[in-house]
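So you can see what is in the structure, the chains are spelled out below.
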Amino acid sequence: GAVVSQHPSWVICKSGTSVKIECRSLDFQATTMFWYRQFPKQSLMLMATSNEGSKATYEQGVEKDKFLINHASLTLSTLTVTSAHPEDSSFYICSARPLAEQYFGPGTRLTVT
Amino acid sequence: EDQVTQSPEALRLQEGESSSLNCSYTVSGLRGLFWYRQDPGKGPEFLFTLYSAGEEKEKERLKATLTKKESFLHITAPKPEDSATYLCAVQALGLNTDKLIFGTGTRLQVFP
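Fair warning: this is a prediction, and the values are worked out from it, not measured in the lab. (Residues numbered from 1 in each chain as written. Chains lettered and ligands numbered in written order. Predicted model: local features only at pLDDT ≥ 70, side-chain atom pairs only at ≥ 80, totals over all residues. Heavy atoms only, no water.)

A.B. asks: Would you mind going over the overall build of chain B with me for this structure?
C.D. replies: When you go through chain B residue by residue, the secondary structure sums to 0 helices and 11 strands. Secondary structure elements of chain B occur, N-terminal to C-terminal, as β-β-β-β-β-β-β-β-β-β-β. Taking 112 residues into account, the globule formula puts the C-alpha radius of gyration at 13 Å, and chain B, at 14 Å, falls close to it. Oriented by its inertia axes, the alpha-carbon framework of chain B measures out at about 45 × 30 × 20 Å. Counting over 112 residues, chain B shows a buried share of 46%. (Helix = DSSP H or I, 4+ residues; strand = E, 2+ residues; numbered from the N terminus. Rg over C-alpha atoms; globule rule 2.2 N^0.38 Å. Buried < 20%, exposed > 50% of the residue type's maximum accessible area, 1.4 Å probe, protein only.)

A.B. asks: Could you clarify how one ought to interpret the nonpolar core in this entry?
C.D. replies: Side chains of nonpolar character tend, in soluble globular proteins, to be buried together. In terms of nonpolar packing, the biggest core is built from 41 residues, with A:Tyr36, A:Phe67, A:Phe104, A:Leu110, B:Tyr36, B:Leu100 and B:Phe102 touching the most fellow members. Considering each element in turn, this core owes the most residues, 5 residues, to strand 9 (residues 90-96) of chain A. In this structure, B:Phe102 is in contact with A:Tyr36, A:Ser43, A:Leu44, A:Phe104, B:Val4, B:Tyr36, B:Leu87, B:Cys88 and B:Ala89, ignoring residues within four places of it in sequence. B:Leu11, B:Cys23, B:Leu62 and B:Leu108 belong to the second-largest nonpolar core, a separate cluster that totals 25 residues. (Core = buried A, V, L, I, M, F, W, Y, C linked by side-chain atoms within 4.5 Å. Contact = heavy atoms within 4.5 Å.)

In structure tokens:
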């Protein structure tokens, strides 16, 4: 199956700082990648769809200026959480699809202190 | 509104005790239904895609089926390594056909 990686796997940052999370498709090219957020014992919620070479499409209720997405190449999308606060602490997961199915990265655990 | 409901929320099985997980969905038009397995602290792992009522897919001890209103994930003679959260997701026809709408999952524990 297709392989998607994320970096870092976990990060702790102080309130007010920014954190960048990378998502890479390792064995296929992805014009579209997806960013999800998952709270403990809850399901995945789509935050935004990342499109290579164009602006991301954000879901209703997701702050564009807080969660900056850049899809600079066919294998890399980044999510930057700006001015992070404790309520942004969560598990962030990206996905990409070579064909119909979305393949997910291993996730990034963000803790804001 | 498109919606996915999974039941039961949690399931405890003895090793070898077969059972089924349910995924009920409400969408304006179904483009595809997906099953994923998620281990704690990890991203979901793709299992199956189903597109039309009557379709079935199998992989080792797992079998997924689809009707017009729901999908079942049948687990035959489960082993402890099958313990995980199983997620169901749907894609609906319409403007954003890539969007996956997830259920809250079924946490499966298989005891030896």
